[in-house]
Amino acid sequence: MARPRKFEEDRAVEAAMRAFWSAGYEATSTQDLCAATGLGRSSIYNTFASKRELFERALRHYTDERNANLAELMEGELPVKEKVRTVLWWAVEPDPGDPAGCLVVNSLVELGPRDPEIAELLRRDQDKRLQIMTAALEAARARGELDAGKDPLALARFVAATVSGLRVAARGGADRAMLESIANTALGVF
């Protein structure tokens, strides 16, 4: 019995996401997408219409998944410093099966300056992440876990920028010791 089309689409989007994450949008060819997804060229275009549409779906999948993980962590019961440490360590010690770097950061650098639709998608993603972290930091400040003079939005921006920097450094070949030293320095703010 054939598997439902939705399952196949989800699997293809996940596989395409990893291909784009590894090589970037421009460097990922249709043949690369066929190899990654196990679909033929006609199946890719019949299902997704274009490489660009498949990329956008893959990018949304990536951001939705990461933001769901972030929201779950930030809404949890851990002290705020442990929440921030966890976020930083997602960049220091990523899943071994994940490509180096970050699909959002890579896409922002590659496509953000020349693709207004992708730039807007990435801006909304950043706003979402900042909203999630700011809410958790505001709650922590109200509980006395953060100094009353600390700005939760500024801290959320700092954490997001640090994670992006860690991802770029990792993609550039930084070793674990270097990544840990950056993350530990950032954690010292909390």
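Let me sum up the structure you'll find in this document. (Residues numbered from 1 in each chain as written. Predicted model: local features only at pLDDT ≥ 70, side-chain atom pairs only at ≥ 80, totals over all residues. Heavy atoms only, no water.)

**A closer look at the overall build of the protein**
Alright, step 1. A count of helical and extended segments in the protein gives nine helices and zero strands.
Alright, step 2. Ordered by position from the N terminus, the helices and strands of the protein form the series α-α-α-α-α-α-α-α-α.
Alright, step 3. Along the first, second and third principal axes, the C-alpha atoms of the protein reach 60 × 35 × 35 Å.
Alright, step 4. The long-range fraction of contacts in the protein, counting pairs at least 24 apart against all pairs at least 6 apart in sequence, stands at 70%.
Alright, step 5. Summed over its atoms, the accessible surface of the protein is roughly 10,000 Å², and 54% of this surface lies on carbon and sulfur atoms. (Helix = DSSP H or I, 4+ residues; strand = E, 2+ residues; numbered from the N terminus. Contact = heavy atoms within 4.5 Å. Areas by Shrake-Rupley, 256 points an atom, 1.4 Å probe, with all protein chains shown as cover.)

**Considerations on the nonpolar core**
Alright, step 1. Core analysis: the biggest nonpolar cluster contains 29 residues, and Met74, Leu88, Met133 and Leu137 have the highest contact counts within it.
Alright, step 2. Put simply, the parts of the chain that give this core at least two residues each are α4 (51-74), α5 (80-92), α7 (116-142), α8 (152-171) and α9 (176-187).
Alright, step 3. In terms of residue count, the dominant contributor to this core is α5 (seven residues).
Alright, step 4. Ignoring any residue separated from it by four or fewer positions in sequence, one finds leucine 137 in contact with Val80, Val84, Leu146, Pro152, Leu155, Ala156 and Phe190.
Alright, step 5. With 25 residues, the next largest nonpolar core counts Phe20, Tyr25, Phe55 and Val104 among its residues. (Core = buried A, V, L, I, M, F, W, Y, C linked by side-chain atoms within 4.5 Å. Buried < 20%, exposed > 50% of the residue type's maximum accessible area, 1.4 Å probe, protein only.)

**What to know about the packing of α7 against α8**
Alright, step 1. Look at α7 against α8: their axes get within 8 Å of each other, and the N-to-C directions meet at 130°. Judged by the inter-axis angle, α7 sits oblique to α8. Note that α7 runs across α8; the crossing there is right-handed. Contacts from Arg129, Leu130, Met133, Thr134, Leu137, Glu138 and Arg141 in α7 reach Pro152, Leu153, Leu155, Ala156, Arg157, Val159 and Ala160 in α8.
Alright, step 2. Looking at the contact of α7 with α8 residue by residue, the classes come out as nine nonpolar, one polar and four charged. (Axes fitted to C-alpha atoms, helices over the stretch in contact; angles between N-to-C directions. Parallel < 35°, antiparallel > 145°, perpendicular 65-115°, else oblique. Left-handed = near helix turned anticlockwise from the far one by under 90°. Nonpolar A, V, L, I, M, F, W, Y, C, P; charged D, E, K, R; others polar.)

**So, α9**
Alright, step 1. In this model, α9 (twelve residues) spans 16 Å end to end at C-alpha, consistent with the 16 Å of a helix rising 1.5 Å per residue.
Alright, step 2. Buried residues of α9: Leu179, Ala183, Ala186 and Leu187, and no others. Across the axial projection of α9, the buried residues extend over an arc of 100°, all falling on one side. Within α9, the exposed residues directed more than 90 degrees away from the buried face are Ala177 and Thr185.
Alright, step 3. Of the surrounding elements, those touching the buried residues of α9 are α5 and α8. (Expected span 1.5 Å × (residues − 1). Arc of directions from axis to C-beta.)

**Comments concerning the pattern of salt bridges**
Alright, step 1. By the definition in use, this model includes 18 salt bridges.
Alright, step 2. The residue arginine 11 makes a salt bridge to glutamate 8 at a minimum N-O spacing of 3.2 Å. With a gap of three residues between them, arginine 11 and glutamate 8 both fall in helix α1 (residues 5-23), about one helical turn apart.
Alright, step 3. By relative accessible area, arginine 11 is classed as partly exposed at 31%.
Alright, step 4. A salt bridge links arginine 129 to aspartate 125; the nearest nitrogen and oxygen atoms lie 2.8 Å apart. With arginine 129 and aspartate 125 both in helix α7, this residue pair falls four residues apart, about one helical turn.
Alright, step 5. On the basis of relative accessibility, which here comes to 5%, the residue aspartate 125 falls in the buried class.
Alright, step 6. Bridged by salt links that share partners, the residues Glu14, Arg18, Glu65, Arg66 and Asp98 form one connected network. (Salt bridge = Lys/Arg side-chain N within 4 Å of Asp/Glu carboxyl O.)

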